[in-house]
Amino acid sequence: AGQKHRNLMFKKNFFLSLVFSLSAFFVVSSRANFYGDYPRFDVPIHFLGGLVAALFFVLFFEKTISGLPAFSLAVFVFGGTALAGVLWEFTEWATDRFLPALIPGFHVNQLGLNDTLGDLLVDLLGAAALLFFYFFRFNFAPRLKNKRHV
């Protein structure tokens, strides 16, 4: 029980550190107007965000997903990452709507529908990168080929 608790605490602390780092980076880059000066600046940020969201679903639902067929695992992780991406876009919209009035110098980050849809696509590419690593790290190849498991 002690080792399981330590593993869970490590996962929780690791994930929270990643989320905090990305969030802090978002606030600093918004204040510095990186998004306005470099419109594609958010592409690597969303890729990392998608990777972190996918990592969350793999780490925190490890018991649940361990026996899933590869396709089901991919659907679960992609679905969770898509939900996280949509929630992030709502957060960006809300910060653009309310924070400029509260924080002088806070710059708007939403550049329109094309930007939002591109961000969601890049989030999913981050999830795909994590799944690619996960499938090959844990030798998923036999499960991908075995018709029983798909």
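Since we're looking at a predicted model, the values are computed, not measured.

### Notes on the packing of aromatic side chains
The final tally for this structure, using the stated rule, is eight aromatic pairs. Ring geometry for phenylalanine 57 versus phenylalanine 76: centroids 5.8 Å apart, planes at 90 degrees, classification edge-to-face. Taken together, the residues phenylalanine 57 in helix α3 (residues 42–60) and phenylalanine 76 in helix α5 (residues 70–102) connect sequence positions 19 residues apart. A relative accessible area of 29% places phenylalanine 76 in the partly exposed class. One aromatic cluster is present, formed by Phe56, Phe57, Phe60, Phe61 and Phe76 through successive ring pairs.

### Some words on the nonpolar core
Val58, Leu73, Val77, Leu131, Tyr134 and Phe135 are the most contacted members of the largest nonpolar core, which has 14 residues in total. Examining the composition of this core, we find that five residues originate from one element, helix α6 (residues 113–137), more than from any other. Excluding residues within four positions of it along the chain, leucine 131 makes contact with Leu73, Ala74, Val77 and Phe78.

What counts, and at which threshold
- For every chain, the first residue of its written sequence is number 1, and the numbers climb from 1 along that sequence.
- Local features in this predicted model are restricted to residues whose pLDDT is 70 or higher, and side-chain atom pairs enter the listing and the counts only when it is 80 or higher, whereas totals over whole chains, interfaces and linings include all residues.
- Derived side-chain values reflect all non-hydrogen atoms in the structure, with water molecules and hydrogen atoms excluded from consideration.
- Any two rings among Phe, Tyr and Trp, with Trp reduced to its six-membered ring, count as a pair given centres within 6.5 Å; such a pair is stacked if its planes are under 30 degrees apart, edge-to-face if over 60, and tilted if neither.
- For helices the rule is a DSSP run of H or I covering at least 4 residues; for strands it is a run of E covering at least 2, with both sets numbered from the N terminus onward.
- Using a 1.4 Å probe on the protein chains alone, a residue whose accessible area is under 20% of its type maximum counts as buried, one over 50% counts as exposed, and one in between counts as partly exposed.
- Put simply, a nonpolar core is a bunch of buried Ala, Val, Leu, Ile, Met, Phe, Trp, Tyr and Cys residues held in one set by side-chain atoms that sit within 4.5 Å of each other.
- Any two residues whose heavy atoms approach within 4.5 Å at even a single point are treated as in contact.

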